[in-house]
Amino acid sequence: MPRIAVIPGDGIGLEVVREARRVLEHVAQAEKLDFELKDWDLGADRFLRDGITITDEEFRSLDEDYDAILLGALGDPRVPGNQHAKDILLGLRFKLDLYINFRPCVLLSPELSPLASSEGALRLEIFRENTEGEYTGMGGIFKGDTRDEIALEENVATRKGVERIIRAAFEYADSRGRGRVTLVDKSNVMRYVGGLWRRVFSEVGAEYTHIEQDAMYVDAMVMDLVRRPGRYEVIVASNLFGDIVSDLAAEVTGGLGLAPSANIHPGRNALFEPVHGSAPDIAGTGRANPVGAIRCVGLLLDHFGHREAADRVEGAVAASFQAGQTTPDVGGSLSTEEVGTWILQHLDAAYAVHG
Ligand SMILES: NC(=O)c1ccc[n+]([C@@H]2O[C@H](COP(=O)([O-])OP(=O)(O)OC[C@H]3O[C@@H](n4cnc5c(N)ncnc54)[C@H](O)[C@@H]3O)[C@@H](O)[C@H]2O)c1
């Protein structure tokens, strides 16, 4: 039975994970799927109370005793520099070697997109490298706080790291019948790291000749994602470029509150979290959109091989938009909990019809 650690975290993380958890428990019961859920007290409250962000023993347990993690968001204005969020989030990504950051951005209803050209389906599935690039913290300051100060931030790319994320993108496109994989880089300027990405993309791509493949410089890509997003399907990018492109893709498909993400090391562990942060400005008001977190449940079910159950969750979320049953950020008037309840009721109706 898959064991899932539930980490609501801070701010609206607690509110949206409450709804995601209700949906997961409901689907598991209706479809007779076994999941063991266990709550973890990690976040700003624990740090402020005990002075501990996360211990090595907790990292070990999350890695060895659990099959997946469902996380809300981390970040709290009471913690200077958000040290706890960095320790926990980056710690999990690096220590559990969650090298795939998968961010599907799917337009659930045409009016959700700010783009005039977005009539019809829009499905942008981003594979962001999650363990290298500028996020390794390699670098330093020389002659700090002087007029001669020098700051270095290294961009780390290994052949192993680049190859495994590119292969994951192609394998996903192949297994899901997607027609195109696009590499995003800046290899005209970043010749060494960019050159490695281009070479590996060609090598791996040669094994998938039935899939269209192209490479875009990141500046051209962000323009094109606004101009003609329907051209793109699966997108693969480094940690930094994937971060930027996926926020844009989330926005053109309805906004931050709707976007889920999965951090995965196939065969080892996975962490599911909405793309948004802890939104202190609306925490506690009941206005947080739980859809990003609920769609994480869809990704989690899919990850454990329950694709039909995942499709039902995604279908119920889409139905909530078609019925206008949404939170204020996307034009509705329901609370976080009311959206969760509407989705549960829609799932019940679907189970009653389809069994
Ligand atoms: N993965 C994470 O845990 C994560 C990601 C991003 C930011 N953060 C942290 O979250 C805190 C706030 O960061 P921020 O304000 O830059 O980003 P944010 O995503 O929390 O909020 C940005 C804006 O979007 C709105 N918003 C976000 N999620 C929403 C939702 N589900 N429903 C409705 N509106 C929503 C917020 O109200 C805010 O106006 C910071 O401490 C930051 O470090 C954490």
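You'll find the structure just up there.
Novice: In this structure, what is going on with the packing of aromatic side chains? I would like to understand it.
Specialist: Each aromatic ring pair is summarised here by two numbers: the centre-to-centre distance and the angle between the ring planes. Scanning all chains against the criterion turns up seven aromatic pairs. For the ring pair F102 and F127, a centre distance of 4.9 Å and an interplane angle of 45° mean the geometry is tilted. In this pair, F102 sits in strand β4 (residues 100-106) while F127 sits in strand β5 (residues 123-129), placing the two residues 25 residues apart along the sequence. Here F102 falls in the buried class, since its relative accessible area comes to 8%. Residue F127 is classed as buried on the basis of its relative accessible area, which comes to 3%. Geometrically, the ring pair formed by F170 and F201 is tilted, given 5.4 Å between the ring centres and 35° between the ring planes. Here the residue F170 occupies a position in helix α5 (residues 159-175), and F201 occupies one in helix α6 (residues 191-205), the gap between them amounting to 31 residues. Cluster of aromatic residues (ring-pair linked, three or more members): F102, F127 and Y172.

Novice: Just to check I follow, could you spell out the nonpolar core for this structure?
Specialist: Side chains of a nonpolar character, in soluble globular proteins, are inclined to be buried together. In terms of nonpolar packing, the biggest core is built from 91 residues, with F127, I166, V236 and L301 touching the most fellow members. The residues contacting F127, other than those within four sequence positions of it, are I100, N101, F102, I165, A168, A169, Y172, V234, I235, V236 and A237. Core analysis: the next-biggest nonpolar cluster, separate from the first, contains 18 residues, I7, L42, I54 and Y66 among them.

Novice: What is the right way to look at α5 in this model?
Specialist: Since there are 3.6 residues in each turn of an α-helix, residues three or four apart along the chain are aligned in direction. Look at α5: 24 Å from first C-alpha to last across 17 residues, which is about the 24 Å you get at 1.5 Å a residue. Inspection of α5 places G161, V162, R164, I165, I166, A168, A169, F170, Y172 and A173 among the buried residues, and these make up the whole buried set.

Novice: What's the story with the environment of S238 in this structure? I'm lost.
Specialist: For S238, the position within the fold is in the loop between β10 (234-237) and α8 (239-252). Considered as a pair, S238 and W197 are 41 residues apart in the sequence and their alpha carbons are 8.6 Å apart. Residues contacting S238, with those up to four places away along its chain left out, are R128, E129, V184, W197 and D243.

Novice: Mind showing me how you'd approach the pattern of salt bridges here?
Specialist: Close approach of charged atoms lets side chains of opposite charge pair. Enumeration over the complete set of coordinates arrives at 34 salt bridges. Between R312 and E31 there is a salt bridge whose closest N-O contact spans 3.1 Å. With R312 in helix α10 (residues 307-322) and E31 in the loop between α1 (12-30) and β2 (36-39), the pair connects residues that are 281 residues apart, well separated along the chain. A relative accessible area of 24% means that E31 is categorised as partly exposed. By sharing partners, the salt bridges in this structure join D41, R46, R49, D50 and E58 into a single network.

Scoring rules and cut-offs
- Residues numbered from 1 in each chain as written.
- Predicted model: local features only at pLDDT ≥ 70, side-chain atom pairs only at ≥ 80, totals over all residues.
- Heavy atoms only, no water.
- Phe/Tyr/Trp six-rings, centres within 6.5 Å; stacked < 30°, edge-to-face > 60°.
- Helix = DSSP H or I, 4+ residues; strand = E, 2+ residues; numbered from the N terminus.
- Buried < 20%, exposed > 50% of the residue type's maximum accessible area, 1.4 Å probe, protein only.
- Core = buried A, V, L, I, M, F, W, Y, C linked by side-chain atoms within 4.5 Å.
- Contact = heavy atoms within 4.5 Å.
- Expected span 1.5 Å × (residues − 1).
- Salt bridge = Lys/Arg side-chain N within 4 Å of Asp/Glu carboxyl O.

All quantities given are derived from atomic positions and should not be read as evidence of function.
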